[in-house]
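Breakdown of the fold
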Amino acid sequence: MLCTGKNSFTCPIVIAIMASMMNVSNTPSWIHTKQSVLGHDAVVAEFTQRLNENRLHHAWLLTGPKGIGKASLAHLLARHLFRKAPELHQPEPEDRVYHECISGGNPDLFILHKDKDPEAKKNISIQQVRETSKFIHQTAAHDGWRVVIIDAIDDLNEKSANALLKDLEEPGKQTVYFLICHNAHGILPTIKSRCQQVNMHPLKPEILARHLDQNHPELSPKEQAFYTTISQGRFGLLNQLREQEGHVIAQDFLTAILESHQPSAATSDLMKFVQTYGAAKNAEDYKVFEYLYIWWLTRHIKALSLQDVSLLGNLPDSAMAIYHLPYDDSYWLRHYESFLENMKADQVLNMDHRALLVGALG
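Here goes a summary of the coordinates provided. Quick caveat, the model's predicted, so the values are computed rather than measured.

Calculation notes
- Residues numbered from 1 in each chain as written.
- Predicted model: local features only at pLDDT ≥ 70, side-chain atom pairs only at ≥ 80, totals over all residues.
- Heavy atoms only, no water.
- Helix = DSSP H or I, 4+ residues; strand = E, 2+ residues; numbered from the N terminus.
- Buried < 20%, exposed > 50% of the residue type's maximum accessible area, 1.4 Å probe, protein only.
- Areas by Shrake-Rupley, 256 points an atom, 1.4 Å probe, with all protein chains shown as cover.
- Phe/Tyr/Trp six-rings, centres within 6.5 Å; stacked < 30°, edge-to-face > 60°.
- Axes fitted to C-alpha atoms, helices over the stretch in contact; angles between N-to-C directions.
- Parallel < 35°, antiparallel > 145°, perpendicular 65-115°, else oblique.
- Left-handed = near helix turned anticlockwise from the far one by under 90°.
- Contact = heavy atoms within 4.5 Å.
- Nonpolar A, V, L, I, M, F, W, Y, C, P; charged D, E, K, R; others polar.
- Core = buried A, V, L, I, M, F, W, Y, C linked by side-chain atoms within 4.5 Å.
- Pairing = 2+ DSSP bridges.
- Arc of directions from axis to C-beta.
- Polar contact = N/O pair within 3.5 Å; in protein donor to acceptor, adjacent residues only side chain to side chain.
- Right-handed = clockwise from strand over helix to strand, strands pointing away.

Time to look at the overall build of the chain. Assigned secondary structure in the chain consists of 16 helices and five strands. Burial analysis of the chain (362 residues in total) assigns 49% to the buried set. When the accessible area of the chain is evaluated, it comes to approximately 18,200 Å², of which 52% is carbon and sulfur surface.

Structure follows, in structure tokens:
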């Protein structure tokens, strides 16, 4: 649809939709948690100091946005407890404790999360919490600490939250809880009052940039800037996007969009992208595409509505070329809404990703 101007967001309804859209959390579910921890040094220092002074709180409520490293930190601190070492070292030694915990073979570690099966219940049930109750009152297998990691406490329902509260009131000997929390406002005040609450924040861009510069010199400065920007302070997301070569995926789909919106209506790049990333064997790459596409669209629409092209900085050059195409922000907003609807349908119907890609990029 040809536009008459780039600042078409004048309707209050559209403005409201845009404001809501920019606040949507879009953290992928495929971020790894079995990785090293970057940043959060103050939390590590406080934990180790309390441990060494024999005044360790039995429940740690780790709060903050998804993907910033809360679960990774909890696993790291749990392994530190099992090692019984006075200092926590990074990089972490991949020793017996590490491999036991990563493989699920440590009998003193209990990890609780909701069932990832789409057919299962949406919350952590009271029956699951009762299993932790049995665990904390058993004798530790290695004559030391027992650790419970709940990832995430946001997934508790009313009954399971009350069951957890009872356990927090009567913790077992040498038991530590790590409660991962994405939204502290939704947690029972009585649970908060029984925990050591630690507010964690996204990492500063310079920390991520320094990490990439030191550990991934194969990336160009522009590629490093891309990952620093796109990860939004989330180390786990940065690592996963880099491992999947997110900068290549972004360049490919932006090139395909640019091509499909040219007057010549060429489709070679579009069809190449569709066939490559829509194939069933490339499901992980498709998930990365979903994240990058939604992130770019929100950024692109905001840039058009505010007439602020700087919002597209650190993206591939084709993003700037798309910005100058004769299509307004409402046109791209319809693409955004349509793609979200298709994502929801895909979760239920397991749709052909090739068809979804044609609709998104064409």
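So, on to the packing of aromatic side chains. For the structure shown, the criterion picks out 19 aromatic pairs. Here a set of aromatic residues connected by ring pairs shows up, and it is made of Phe 253, Phe 273, Tyr 277, Tyr 286, Phe 289, Tyr 293, Trp 296, Tyr 327, Tyr 331, Trp 332 and Phe 339.

Where helix α13 (residues 283-306) contacts helix α15 (residues 329-349), the axes come no closer than 9 Å and their chain directions differ by 155°. With respect to α15, the element α13 is oriented roughly antiparallel. As for how α13 packs across α15, the hand of that crossing is left-handed. The residues of α15 that touch α13, namely those facing Tyr 286, Phe 289, Glu 290, Tyr 293, Ile 294, Trp 296, Leu 297, Thr 298, His 300, Ile 301, Leu 304 and Ser 305, are Asp 329, Trp 332, Leu 333, His 335, Tyr 336, Phe 339, Leu 340, Met 343 and Asp 346. Split into classes, the residues belonging to the contact of α13 with α15 amount to 14 nonpolar, four polar and three charged.

Right, let's get into unusual backbone geometry. Residues Asp 151 and Ala 152 are joined by a peptide bond in cis, for which omega reads 15°. Counting through the fold element by element, Ala 152 comes out in the loop between β3 (146-151) and α6 (158-169). Within the chain, Asp 143 stands out as a residue other than glycine whose phi angle is a positive 55°. Looking at where Asp 143 falls in the secondary structure, it is placed in the loop between α5 (126-136) and β3. Asp 143 gets classed as exposed once you look at its relative accessible area, which sits at 67%.

Right, let's talk about the nonpolar core for a bit. Core analysis: the biggest nonpolar cluster contains 54 residues, and Phe 253, Phe 289, Leu 292, Tyr 293, Trp 296, Trp 332 and Leu 361 have the highest contact counts within it. The element best represented in this core is α13, accounting for 13 residues. In this structure, Phe 289 is in contact with Ile 249, Phe 253, Phe 273, Phe 339, Leu 357 and Leu 361, ignoring residues within four places of it in sequence.

Paired through their backbone hydrogen bonds, the strands of a sheet run either parallel or antiparallel. If you walk across this open sheet you meet the five strands as β2-β3-β4-β1-β5, and the pairing is parallel. Whereas interior strands pair on both sides, the edge strands pair on one side only; in this sheet they are β2 (109-112) and β5 (196-199). When the angles between neighbouring strand axes are averaged without regard to direction, this sheet yields 15°. Where β3 meets strand β4 (residues 175-181), six bridges bridge the pair, whose relative direction is parallel.

A few words now on helix α4 (residues 96-103). Of the residues making up α4, those classed as buried are Val 97, Tyr 98, Glu 100 and Cys 101. Take α4 and look down its axis: the buried residues cluster within an arc of 165°, on one side only. The exposed set on the far side of α4, more than 90 degrees from its buried face, consists of Arg 96 and Ser 103. The secondary structure elements touched by the buried residues of α4 are α3 (70-83) and β2. Two or three places before Val 97, at the opening of α4, Asp 95 has a side-chain oxygen 3.3 Å from that residue's backbone nitrogen. Positive backbone phi, approximately 80°, marks Gly 104, located one or two places after α4.

A few words now on the pairing of β3. Taken across its six residues, β3 has five buried, putting it largely inside the fold. Bridge count for β2 against β3 is four bridges, and the pairing is parallel. What sits directly across from Leu 109, in β3, is Val 147. Handedness of the crossover is the feature at issue here: the chain leaves β3, passes through α6, returns alongside β4, and the resulting connection is right-handed.

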